[in-house]
Number of protein chains: 4
Amino acid sequence: MKARIFEIMEKAKYRDIPSLIFDWSLVILISLNVFSVILESFSTLKLRYLGLFSSFEFISVIIFTIEYLLRIWTSDLKYPRRNRSISILAFMFSGMAIIDLLSILPFYIPLATSIDLRVLRVLRFTRMLRILKIGRYSASMALIGRVLKRSKSDLVVTLFVTFLLLLLASSLMYYVENPVQPDKFPNIVASSWWTIITLTTVGYGDVYPVTVLGKILGGVIALFGIGLVALPTGIISSGFMEEIRLKNQSEVKKNKVCQHCGKPIDDN
Amino acid sequence: MKARIFEIMEKAKYRDIPSLIFDWSLVILISLNVFSVILESFSTLKLRYLGLFSSFEFISVIIFTIEYLLRIWTSDLKYPRRNRSISILAFMFSGMAIIDLLSILPFYIPLATSIDLRVLRVLRFTRMLRILKIGRYSASMALIGRVLKRSKSDLVVTLFVTFLLLLLASSLMYYVENPVQPDKFPNIVASSWWTIITLTTVGYGDVYPVTVLGKILGGVIALFGIGLVALPTGIISSGFMEEIRLKNQSEVKKNKVCQHCGKPIDDN
Amino acid sequence: MKARIFEIMEKAKYRDIPSLIFDWSLVILISLNVFSVILESFSTLKLRYLGLFSSFEFISVIIFTIEYLLRIWTSDLKYPRRNRSISILAFMFSGMAIIDLLSILPFYIPLATSIDLRVLRVLRFTRMLRILKIGRYSASMALIGRVLKRSKSDLVVTLFVTFLLLLLASSLMYYVENPVQPDKFPNIVASSWWTIITLTTVGYGDVYPVTVLGKILGGVIALFGIGLVALPTGIISSGFMEEIRLKNQSEVKKNKVCQHCGKPIDDN
Amino acid sequence: MKARIFEIMEKAKYRDIPSLIFDWSLVILISLNVFSVILESFSTLKLRYLGLFSSFEFISVIIFTIEYLLRIWTSDLKYPRRNRSISILAFMFSGMAIIDLLSILPFYIPLATSIDLRVLRVLRFTRMLRILKIGRYSASMALIGRVLKRSKSDLVVTLFVTFLLLLLASSLMYYVENPVQPDKFPNIVASSWWTIITLTTVGYGDVYPVTVLGKILGGVIALFGIGLVALPTGIISSGFMEEIRLKNQSEVKKNKVCQHCGKPIDDN
């Protein structure tokens, strides 16, 4: 029975009706959660239907908790390790399990702090990715996932270099613009708001350099922003190309036989 | 005669004069329609030449209606099905036919509603794509079409992930900025205006975060905006590469010979 | 002697001293022209050194005119045609020759019109590209030129589709925003300013939608702006890849011989 | 002993403990320097802990100076030349050595000028790249380095063309907008601020064209900005692809056999 429950909770195999029902019910519940969070943000709706929102939230948390507990129970099937508790820990420290826990935990802890941790329930939104797993786009999602995984190390380096560039540019800009605009560039940390918005080429226009030196520096940093787009794009492009090449290669290898003499063709 | 009319209305074959005349007349009529819509938007011109605009619109709608009816009539040649009515439906529910119908229908229905559906005639603009089909750029247009079709599934997944990111970022930004800027971030739906303008790196500057947490979040979302450019670009790049590879392969295929028996190899 | 003058004026061959002197003199003169135009834009400098600027402009125009006439004279060597006048016309209607003529012609025509055509001398700036031809970056410049030439047809289609999208989006935005912001969206032509600035993701923030429908439309158009970046990038990427592939292929073909038996390897 | 000091200061080999300690100590010191510069930019913190900041800076400069002198001492091991002084010069004029010197030199020179050259210590930030060399991302960093090196010549040409476009666009915009907005476009140099912010699609919105001609020109320049993103991205993409192809090729090379004699083929 445990194996069957695990099977149902995992991605549905072809024509496994209970598993499909489970998947779609969860997708519908998550969508309703998203919808409810959005509606609740309208203050008039929140006041009028406060009871309804609370009840729905209560039911959702209970269902998500049951699901979480079932996943802990079946964790030894997903992460087969020597020891049962290691399986549970392996599950609990997987990325999605942490997000799931964070999105339900605050409702069990009475909080007196000023920050309302129930905000964390928006983390449930990420579970809508599940819709891609059960739909007909699962191959595309897997492809994009593989490409990002393959390029991860290169992207991390790009991100680190961006971070260094951010620190360097913010410091220089602080020295140049602070004497003239002390309210816009009060310190290096605050100046980094300008830098990140320029490097990503968003450019709101709430902060911009006014001195000549600041404008020269700003222009150079904006040009580096182009590089910040070009590098990850190049990395991801080559990742997609490599995936396609591997797929073509494995397809070619299977049926490479001369159709006249029947001998296999050894084509590099 | 029906077959001939169909042939004329379809893309012109080499040196089919009536078909070319039909194609170019239609392109000219559509261009004039575009021009007329643009001129009519100048209020002074609209007042002065009201009669002229109305007459031209009247004639255009009649011509487009005749064309639409002819296409219904010849739909069994374009969509050969068992049943004639199925052919007609197959035509009527094709993408371009719906757009064509929507762009002429409002002129036959007396409307008392506040929204003027005659706005829909701008849909006729899309028919200017026809100019690419009859010109010397038809190969390029077909190539771009094939690449987009090939990449469609990956692009849909990217769009869905973008949509999720949009929901998540808008919700978080609403919680962070609403207490300080209730007019700019009144609810999650309104906050999504800020998110989409930041994710696409447009950055008008009409709305931007002012709290420290909001700025950190804004910077992270702007960085994700880079990814939003990098992913589709990578997908489309690899799509173009794959098209070129397939073209090269089919050229190579022609003169490839098995090294055992010397006969040509019919490679995958 | 005519052949020698032609040789000198063309791109310098290896160690052709007079040709190198000619090339570098011209590059220096063009650079000085650029510098002079920039300095002249400072009103204080213009007033103080008016005579100097005029003299330099006078000398420059004379030198450029002599060069232009020499190029007409040697046009039958560059464009060998049956008839001499056809050679001259072939030269005069080449892209760079038109730009060169436009940048010197206004100084020979006394102008009483309000628009000062001497503005056209900034067209001389384009001749600085010549520096790339004589320097060590000529291979890179030729590569980029070949890639752009190869991708030209695809880029033209992208540009045309962008133009259609611009017309369609501007029209829709005009209908949606004109009633609320008649000063920002007075007609379709003026609305296209907003559209182009949004599609290219520049987003100054001088014009932006304020209605709910306008913001939805604006978000969709901003997303199309991502596509407007992704498409040409994909086209150009694949163009570079194809150039590199062709180069590799031609290198491989030359020396593909088995080093044990000496027979050529026929490796597609 | 000199060889051993050189070995320790270079990138740590596998399990060379003193070298690893040296590397990590330096990374920690550089990180503390970065942190100190950031904290010092908060005026309240600077006033309160002035002594602490000065002492830390004093110690840092001494350590970096010792490191710099050690590198000069061991320069003949890094740059083996005929003459010892040429080795030292080869080291001193290497990119990173200049940056290192500039970041410590100002503290030895009493300066009475208005510009505080101690700003140059932010150059130390660049040394944080060292963290990538000793971490597990060194392969990715080397890959990105190789791709940028390979594409350098093409990127330089793109940068030069961008520079020309910047000059040309700024000049045209100056002529068009100066009569209407003399404060925003006072001369060509000042106008280039608008151009660079538009070409990089940042678009702050502090300067934008208001005339019809200026808006048309602005739209065209914004479209060129798309090209400015597309070209380097295409160059870098193909650079990554070429690197991957070379890697795959060298892997394939190992087990390729001639079909005539069965011996391994040493492919280009």
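Bear in mind the structure is a predicted one, so any value in this text is a computation, not a measurement.

**Q** Quick one: what's the story with the overall build of chain A, residue by residue and with numbers?
**A** Secondary structure summary: chain A contains eleven helices and zero strands in total. Along chain A, helices (α) and strands (β) appear in the sequence α-α-α-α-α-α-α-α-α-α-α when read from the amino end. Every one of the 268 residues in chain A was classed for burial, and the buried ones make up 46%. The long-range fraction of contacts in chain A, counting pairs at least 24 apart against all pairs at least 6 apart in sequence, stands at 57%.

**Q** Just give me the short version of the interface of chain C and chain D, but keep the residues and values in it.
**A** In this assembly, 49 residues from chain C lie in contact with 54 residues from chain D. Approximately 4,400 Å² of surface area, both sides summed, lies buried where chain C meets chain D, with 74% of it carried by carbon and sulfur atoms. The interface formed by chain C and chain D holds zero salt bridges in total. Inspection of the chain C/chain D interface yields seven residue pairs in polar contact (both at pLDDT 80 or more). Counting residues per element, the ones that place at least two in the side of chain C that touches chain D are α2 (17-40), α8 (130-134), α9 (138-177), α10 (188-199) and α11 (212-254) of chain C.

**Q** Any details on the domain arrangement of chain A? Residues and values, ideally.
**A** Domain parsing of chain A yields domain 1 (2-137) and domain 2 (152-255). Using C-alpha coordinates to define each centre, domain 1 of chain A is positioned 35 Å away from domain 2 of chain A.

**Q** Explain a nonpolar patch on the surface to me, using residue names and the numbers behind them.
**A** Together, F58, I59, I62, I63, I66, L105, Y108 and I109 of chain A make up a nonpolar patch on the protein surface, roughly 740 Å² of accessible area in all. Locating Y108 of chain A in the fold gives a position in the loop between α7 (95-104) and α8 (130-134).

**Q** Tell me about the packing of helix α4 (residues 50-73) of chain B against helix α7 (residues 95-104) of chain B, residues and numbers included.
**A** Residue and element names in this part refer to chain B. Running from amino to carboxyl end, α4 crosses α7 at an angle of 145°, the nearest separation of the two axes being 10 Å. Considering only the axes of α4 and α7, their crossing is left-handed. Facing α4, whose interface residues are V61, F64, T65 and Y68, α7 presents A97, D100, L101 and I104.

**Q** Describe the pattern of salt bridges, with residues and values.
**A** Residue and element names in this part refer to chain B. As enumerated under the stated definition, the model contains 48 salt bridges over all chains in all. R121 is the salt-bridge partner of E57, the closest N and O atoms lying 3.1 Å from each other. In this pair, E57 is assigned in helix α4 and R121 in the loop between α7 and α8 (130-134), connecting sequence segments 64 residues apart. Judged by relative accessible area, which is 8%, E57 ranks as buried. Of the charged contacts, one joins R71 and E67 as a salt bridge, the two residues approaching to 2.6 Å between their closest N and O atoms. Here R71 pairs with E67, and both are found in helix α4, just four residues apart, close to one helical turn.

**Q** Any chance you could break down the packing of helix α9 (residues 138-177) of chain A against helix α10 (residues 188-199) of chain A for me, citing the residues and the numbers?
**A** All names here are of chain A. Relative to each other, α9 and α10 sit at 120°, their axes nearing to 8 Å. Comparing the axis directions of α9 and α10 gives the class oblique. Every pair of crossing elements has a handedness; the one defined by α9 and α10 is right-handed. Every residue of α10 that contacts α9 at T162, L165, L166, A169, S170, S171, M173 and Y174 is listed here: I188, S191, S192, W194, T195, I196 and L199. Tallied by class, the residues present in the contact of α9 with α10 amount to nine nonpolar, six polar and no charged.

**Q** I'd love a proper account of unusual backbone geometry, names of residues and values included.
**A** In this model, T201 of chain C sits at a positive phi of 55°, which is unusual for a non-glycine residue. Checked against the element boundaries, T201 of chain C lands in the loop between α10 and α11.

**Q** Could you give an account of the packing of aromatic side chains, naming the residues involved and the relevant values?
**A** Across all of its chains, the model carries 20 aromatic pairs over all chains by this definition. Between the aromatic rings of Y204 of chain A and Y208 of chain B, the centroid separation amounts to 6.1 Å while the plane-to-plane angle is 35°, which identifies the pairing as tilted. Here Y204 of chain A is found in the loop between α10 and α11 (212-254), whereas its partner Y208 of chain B is found in the loop between α10 (188-199) and α11 (212-254) on a different chain. Among the residues examined, Y204 of chain A registers a relative accessible area of 2% and is labelled buried. Judged by relative accessible area, which is 25%, Y208 of chain B ranks as partly exposed. An aromatic cluster of at least three residues, connected via ring pairs, comprises W193 and Y204 of chain A together with Y208 of chain B.

**Q** Any details on the relation of the copies chain C and chain D? Residues and values, ideally.
**A** By a simple turn and slide, chain C fits onto chain D: the slide is 0.0 Å along the axis, the RMSD is 0.1 Å, and the turn is 90°. Both chain copies can therefore be described as sitting about a four-fold axis.

**Q** Can you lay out the confidence of the model for chain A for me, pointing to particular residues and giving the numbers?
**A** Segments scoring low in pLDDT should not have their predicted coordinates read at a detailed level. Residue and element names in this part refer to chain A. The pLDDT averaged across chain A works out to 86; a share of 90% of its residues lies at or above 70. Across chain A, the element-wise mean pLDDT spans from 77 in α8 up to 95 in α10. Of the two predicted TM-score estimates for the complex, the pTM is 0.89 and the ipTM is 0.87.

**Q** Talk me through helix α4 (residues 50-73) of chain C; I want residue IDs and the actual numbers.
**A** With 24 residues, α4 of chain C ought to run about 34 Å at 1.5 Å a step, and its terminal C-alpha atoms sit 35 Å apart, in line with that. Looking at α4 of chain C, one finds that the buried residues are F53, E57, S60, V61, F64, T65, E67, Y68, R71 and I72 of chain C.

**Q** Run through α9 of chain A, naming residues and quoting values.
**A** For α9 of chain A, which comprises 40 residues, the first-to-last C-alpha distance of 50 Å sits more than 12% below the rise-based estimate of 58 Å (1.5 Å per residue). The axis of α9 of chain A is deflected most strongly, by about 60°, at K152 of chain A.

**Q** Account for the environment of L143 of chain D, with residues named and values stated.
**A** For L143 of chain D, the position within the fold is in helix α9 (residues 138-177). Taking the C-alpha atoms as reference, L143 of chain D lies 7.8 Å from E243 of chain D; in sequence the two are 100 residues apart. The contact partners of L143 of chain D, leaving out residues within four places of it in the chain, are D154 of chain A together with F240 and E243 of chain D.

**Q** I'd love a proper account of the environment of E67 of chain A, names of residues and values included.
**A** All names here are of chain A. Residue classification places E67 among the buried positions, given a relative accessible area of 4%. Residues E67 and L26, spaced 41 residues apart in sequence, show a C-alpha to C-alpha distance of 9.7 Å. Discounting residues that sit within four places of it in the chain, E67 has contacts with F22, L26, R127 and R130.

**Q** Now, about the side chain of E177 of chain A: what can you tell me, with residues and values included?
**A** Residue and element names in this part refer to chain A. Take E177: it is sitting in helix α9. No salt bridge is formed by the buried E177, whose closest oppositely charged neighbour, K215, lies at an N-O distance of 8.3 Å. Among the polar contacts listed, one links the side chain of E177 to the backbone nitrogen of V210, at a separation of 3.2 Å. Apart from the residues lying within four places of it in its own chain, the contact partners of E177 are F185, P209, V210, T211 and G214.

**Q** Help me get a handle on the environment of P182 of chain A, residues and values and all.
**A** Residue and element names in this part refer to chain A. Following the sequence through the fold, P182 ends up in the loop between α9 and α10. When its relative accessible area of 46% is taken as the criterion, P182 is described as partly exposed. Separated by 125 residues in sequence, P182 and E57 have C-alpha atoms that sit 46 Å apart.

**Q** I'd like a rundown of the side chain of T201 of chain B, residues and numbers included.
**A** Overall, T201 of chain B belongs to the buried group, its relative accessible area being 5%. Filtering out sequence-adjacent residues up to four positions away, T201 of chain B remains in contact with T200, T201 and V202 of chain A, T201 of chain C together with T201 of chain D.

Quick notes on the rules
Residues numbered from 1 in each chain as written. Chains lettered and ligands numbered in written order. Predicted model: local features only at pLDDT ≥ 70, side-chain atom pairs only at ≥ 80, totals over all residues. Heavy atoms only, no water. Helix = DSSP H or I, 4+ residues; strand = E, 2+ residues; numbered from the N terminus. Buried < 20%, exposed > 50% of the residue type's maximum accessible area, 1.4 Å probe, protein only. Contact = heavy atoms within 4.5 Å. Buried area = accessible area lost by both parts, 1.4 Å probe. Salt bridge = Lys/Arg side-chain N within 4 Å of Asp/Glu carboxyl O. Polar contact = N/O pair within 3.5 Å; in protein donor to acceptor, adjacent residues only side chain to side chain. Domains from an automatic or database assignment. Patch = residues over 30% accessible without salt bridge, like charges linked within 9 Å, V, L, I, M, F, W, Y side chains within 5 Å. Areas by Shrake-Rupley, 256 points an atom, 1.4 Å probe, with all protein chains shown as cover. Axes fitted to C-alpha atoms, helices over the stretch in contact; angles between N-to-C directions. Left-handed = near helix turned anticlockwise from the far one by under 90°. Parallel < 35°, antiparallel > 145°, perpendicular 65-115°, else oblique. Nonpolar A, V, L, I, M, F, W, Y, C, P; charged D, E, K, R; others polar. Phe/Tyr/Trp six-rings, centres within 6.5 Å; stacked < 30°, edge-to-face > 60°. Least-squares fit on C-alpha atoms with pLDDT ≥ 70 in both. pLDDT = per-residue confidence, 0-100. Expected span 1.5 Å × (residues − 1). Bend = angle between axes of the 7 residues up to and from the residue. Lys, Arg positive; Asp, Glu negative; His and termini not counted.

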